[in-house]
Amino acid sequence: MTRSSSTGGNSGSQTAPVIDELCRAHLPLVHFEVRAISSRLPGHVYTDDLVSAGMAALAMAARSFDASLGVPFGRYAVRRIRGALLDELRSADWATRSLRSKVRRRDAVHDELAARLGRRPSGVEIAGAMGIEVGELERLDADLHSSVVLRLDVITDTVGADSVLPSTAETPEAALVARERQAYLRDAVEVLPERLQVVIRGCFFEDRPMRELAVELGVTESRISQMRAEALKLLREGMNAQLDPALVEVPVNAGGAVARRKAAYYAQIAARSTYKDRLTERPSEGQGHGRRTPVVGARG
């Protein structure tokens, strides 16, 4: 590159077209240096900032280049670009120089021990070789990790803003568990003794007052309240028998009439639907139309 075609004179005398020509011709130098330095950087570093810093350094180099010194522009520009990239990295690094120095020493000790032992050294071995306590080594790692600042715009541009917000969507596993629980609850209601089923349906599915249910069944309102509590307990035990049998209370008299009735009730729930039917999505009786689902849970 001759002086007449590349510089147009001494330092500060380059015209705008000459500066533009130098920048365009040597633009690949910026991307080459950014790629070279990026290969040694953690993944969270935003390389676009490095490219911008490199281009600015290339432009400054073109403005200040003096061909009379006998140095090719490419060699001169590379030094300016590398310096600008290092300055950009230092400005974006929240870790102090002393912390970086300690980290480099730790990494050197780690590599030396790994080569000597033929395996990955433990934290105790690294701390001993460095002459520090294990707690201090752990604090060094914690300080290093706390100095890493992730660029939110990088994350959102890559995977979208919704991905960095806490998800409120139900996971597939949770959906299946909830579907199975609702199916068992539906089956447990359907095989309740007739009078208890009337109370549950009236209270939770039809929003009928207890007074009306008492008249229908020929009992007092207090008795309806007792039947409601009895039915809810039976529903809870029936669901526990299917979902977590360990929660089912062991009857004092396993051969008694009450124990036999409960065992028969549990068996009816189990036989009411198949596993496939329970996982097939269909609205439960407690969903929609303002109806309430009996609060029984799967645990006592």
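J.: In this structure, what is going on with the overall build of the protein? I would like to understand it.
T.: Within the protein, the regular secondary structure consists of 14 helices and zero strands. Every one of the 300 residues in the protein was classed for burial, and the buried ones make up 31%. Within the protein, contacts between residues separated by at least 24 positions form 65% of all contacts whose residues are at least 6 apart in sequence. For the protein, the computed accessible surface area is about 18,900 Å², with 54% contributed by carbon and sulfur atoms.

J.: Mind showing me how you'd approach the environment of Leu58 here?
T.: Along the polypeptide, Leu58 turns up in helix H3 (residues 47-64). A relative accessible area of 1% means that Leu58 is categorised as buried. Sequence spacing of Leu58 and Ala77 is 19 residues, and the spatial spacing of their C-alpha atoms is 6.0 Å. What Leu58 contacts, discounting residues up to four positions off in sequence, is Cys23, His26, Leu27, Val30, Phe73, Ala77 and Ile81.

J.: Whenever I open this one, the pattern of salt bridges confuses me. Can you help?
T.: Oppositely charged side chains may form a pair once their charged atoms are brought near each other. Per the stated rule, a full pass over the model turns up ten salt bridges. With its nearest N and O atoms 3.6 Å apart, the salt bridge here joins Glu206 to Arg208. For Glu206, a relative accessible area of 45% puts it in the partly exposed group. The partner of Arg208 in a salt bridge is Glu212, with the nearest N and O atoms 2.8 Å apart. In this structure Glu212 comes out as partly exposed when scored by relative accessible area, which is 37%.

J.: Any chance you could explain helix H13 (residues 257-272) here in plain terms?
T.: Side chains three or four residues apart in an α-helix point the same way, a direct result of the helix having 3.6 residues per turn. End to end, H13 covers 22 Å across 16 residues, agreeing with the expected 22 Å (1.5 Å per residue, within 8%). Every buried residue of H13 is listed here: Ala259, Tyr265, Tyr266 and Ile269. Seen from one end, H13 has its buried residues packed into an arc of 125°, which puts them on one side. Looking at H13, the residues exposed on the side facing more than 90 degrees away from the buried face are Arg260, Arg261 and Ala271.

J.: Got a minute to help me understand unusual backbone geometry in this structure?
T.: Leaving glycine out, the prevailing phi sign among residues is negative, and the prevailing peptide bond configuration is trans. At Asp207, a residue that is not glycine, the phi angle is positive and equals roughly 50°. By relative accessible area, Asp207 is classed as partly exposed at 45%.

J.: What's the story with H3 in this structure? I'm lost.
T.: Taking 1.5 Å per residue as the helical rise, H3 with its 18 residues ought to reach 26 Å, and the 26 Å between its terminal C-alpha atoms agrees with that figure. Turning to H3, its buried residues are Leu50, Val51, Ala53, Gly54, Ala57, Leu58, Ala59, Ala61 and Ala62.

J.: Help me understand the side chain of Asp66 in this model?
T.: Topologically, Asp66 is positioned in the loop between H3 and helix H4 (73-92). Of the polar contacts made by the side chain of Asp66, one reaches the side chain of Ser68; its length is 2.6 Å.

J.: Before we go on, may I ask you to explain the nonpolar core in this structure?
T.: Formed by 27 residues in total, the largest nonpolar core has its most connected members in Ile200, Ile224, Leu235 and Tyr265. Elements that contribute at least two residues to this core include exactly helix H9 (172-190), helix H10 (194-205), helix H11 (210-217), helix H12 (221-243) and H13. With eight residues, the top contributor of residues to this core is H12. Counting 21 residues, the second largest nonpolar core, distinct from the first, contains Val30, Leu58, Ala62 and Ile81.

J.: Is there a simple way to think about the environment of Leu50 in this case?
T.: With respect to the element layout, Leu50 can be found in helix H3. Among the residues examined, Leu50 registers a relative accessible area of 1% and is labelled buried. Sequence-wise, Leu50 and Glu33 are 17 residues apart; in three dimensions their C-alpha atoms are separated by 9.4 Å.

J.: I'm lost on the packing of H12 against H13 in this one. Help?
T.: Helix-helix packing is characterised by the crossing angle of the two axes and by the distance between the axes. Where H12 meets H13, the axes come as close as 9 Å, and the angle between the chain directions of the two elements is 60°. Taken as axis vectors, H12 and H13 run oblique relative to one another. In this structure, the crossing between H12 and H13 has a hand that is right-handed. In contact with Leu234, Leu235, Glu237, Gly238, Ala241 and Gln242 of H12, H13 contributes Lys262, Tyr265, Tyr266, Ile269 and Ala270. Class assignment of the residues belonging to the contact of H12 with H13 gives a composition of seven nonpolar, two polar and two charged.

Conventions used here
Residues numbered from 1 in each chain as written. Predicted model: local features only at pLDDT ≥ 70, side-chain atom pairs only at ≥ 80, totals over all residues. Heavy atoms only, no water. Helix = DSSP H or I, 4+ residues; strand = E, 2+ residues; numbered from the N terminus. Buried < 20%, exposed > 50% of the residue type's maximum accessible area, 1.4 Å probe, protein only. Contact = heavy atoms within 4.5 Å. Areas by Shrake-Rupley, 256 points an atom, 1.4 Å probe, with all protein chains shown as cover. Salt bridge = Lys/Arg side-chain N within 4 Å of Asp/Glu carboxyl O. Expected span 1.5 Å × (residues − 1). Arc of directions from axis to C-beta. Polar contact = N/O pair within 3.5 Å; in protein donor to acceptor, adjacent residues only side chain to side chain. Core = buried A, V, L, I, M, F, W, Y, C linked by side-chain atoms within 4.5 Å. Axes fitted to C-alpha atoms, helices over the stretch in contact; angles between N-to-C directions. Parallel < 35°, antiparallel > 145°, perpendicular 65-115°, else oblique. Left-handed = near helix turned anticlockwise from the far one by under 90°. Nonpolar A, V, L, I, M, F, W, Y, C, P; charged D, E, K, R; others polar.

Shape descriptors only; they carry no functional weight alone.
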